[in-house]
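Take a look at the letters that make up each chain.
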Amino acid sequence: MRTAPHVPDDGGLDDRVPFLARLEKEDRTALLTLGRELTFAARVTLLHQREPSSHVLFLVDGWTKVTASAANGYEALLALRGPGDVIGESAALTGRPRSATVTALEPVRAVALEHERFKSFLNRSPAVSFALLGLTADRTRAADRRRLEFGAMNVRQRFAVLLLDLARTHGRRTSEGIALAIPLSKQELAGSVGASREMVQRLLRELREKEAVVTGRRTLLILRPDVLRRIAATEQPAPAIPSPARTPVSEERAPGG
């Protein structure tokens, strides 16, 4: 699994390091051998919020979005998960219905492992159990940090920081600028910063007028990251948002592409 260079502030792992990358090769191979391989087309739902759960998924190729819907219909983008990540593990361990929906952003290949086999493997493998516990703690801490950072920013700042983070972790350099290598809709972008779709449309229009971005259907090209950095720094310096992605900007497409 490829991971972006990152130095955590406390010397440990962070939520960008996927579960399978935390395991020894022997444990990783043994775990994946227990499951069955599945493939999903782009925009197909892998897991449904509130449904009873029977298995966990280990992502091998391709990127997914994790979303949750409120009672009033508002949908929040909680995370992006890609190669090496485990999804559905919370429901497997608690026996509760799934807390979120997971949808393929592009063709996805995954390994499905039934709950009982997964829990039995954890019982036999303390190192893997601790790796899963560490991942859960890192994700919780990253979510808390994101809430704290976002609480100190206005929507414009949050959106600028989001685009900068996506450019760094899911960006692909072109002759014109940095193209986001994963297709996200305006609603999905809005759900990631706690805004409405209309607000995101307004912000994108402002950025187009500043010639900072070019947008298309589920495509976004960042021409002037310096403009985004100035917006993010308005009123106070804006720290980077923890992201599930792990691929730095490069000439190559993000993993799974």
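Residues numbered from 1 in each chain as written. Predicted model: local features only at pLDDT ≥ 70, side-chain atom pairs only at ≥ 80, totals over all residues. Heavy atoms only, no water.

1. Focus on helix H8 (residues 225–232)
Those residues of H8 not exposed but buried are Val 227, Leu 228, Ile 231 and Ala 232. What you see down the axis of H8 is that its buried residues fit within an arc of 135 degrees, all on one side. Against helix H5 (155–170), helix H7 (197–209) and strand E12 (219–222) lie the buried residues of H8. (Buried < 20%, exposed > 50% of the residue type's maximum accessible area, 1.4 Å probe, protein only. Helix = DSSP H or I, 4+ residues; strand = E, 2+ residues; numbered from the N terminus. Arc of directions from axis to C-beta. Contact = heavy atoms within 4.5 Å.)

2. A closer look at the packing of aromatic side chains
Under the counting rule described, the total for this entry stands at 2 aromatic pairs. For the pair Phe 19 and Phe 58, a centre-to-centre distance of 6.2 Å together with 20 degrees between the ring planes defines the contact as stacked. Linking Phe 19 in the segment before helix H1 (25–33) with Phe 58 in strand E3 (residues 55–61), this pair joins segments that are 39 residues apart in sequence. Summarising the burial analysis for this pair, Phe 19 and Phe 58 share the class buried. When the centroid spacing of 6.0 Å and the interplanar angle of 70 degrees are considered together, the rings of Phe 58 and Phe 118 count as edge-to-face. Of the two residues, Phe 58 is situated in strand E3 and Phe 118 in helix H3 (residues 115–124); the sequence distance between them amounts to 60 residues. Judged on exposure class, the residue Phe 58 and its partner Phe 118 are both buried. Within the aromatic cluster, the residues linked to one another by ring pairs are Phe 19, Phe 58 and Phe 118. (Phe/Tyr/Trp six-rings, centres within 6.5 Å; stacked < 30°, edge-to-face > 60°.)

3. Considerations on the sheet that holds E12
Reading across the sheet, the 4 strands line up as E9-E10-E12-E11 and stay open at both edges, with antiparallel pairing between neighbours. Each edge of the open sheet carries a strand with a single partner, namely strand E9 (171–173) and strand E11 (213–216). Strand after strand, the sheet turns through a mean of 25 degrees between neighbouring axes, direction not considered. Here E9 pairs with strand E10 (residues 178–180) via 3 bridges, running antiparallel. Paired with Arg 172 across the two strands is Ala 179, which belongs to E10. Packed on one face of the sheet, H7 meets E11 and E12 and runs near 130 degrees to E11. (Pairing = 2+ DSSP bridges. Axes fitted to C-alpha atoms, helices over the stretch in contact; angles between N-to-C directions.)

4. Things to note about the pattern of salt bridges
This structure, assessed with the given rule, holds 15 salt bridges. Linking Asp 61 and Arg 109 is a salt bridge whose minimum nitrogen-to-oxygen distance equals 2.5 Å. Here Arg 109 lies in strand E8 (residues 108–114) and Asp 61 lies in strand E3, a separation of 48 residues in the sequence. On the basis of relative accessibility, which here comes to 29%, the residue Asp 61 falls in the partly exposed class. Shared partners join several salt bridges into a network, and the residues in it are Arg 22, Asp 138 and Arg 141. (Salt bridge = Lys/Arg side-chain N within 4 Å of Asp/Glu carboxyl O.)

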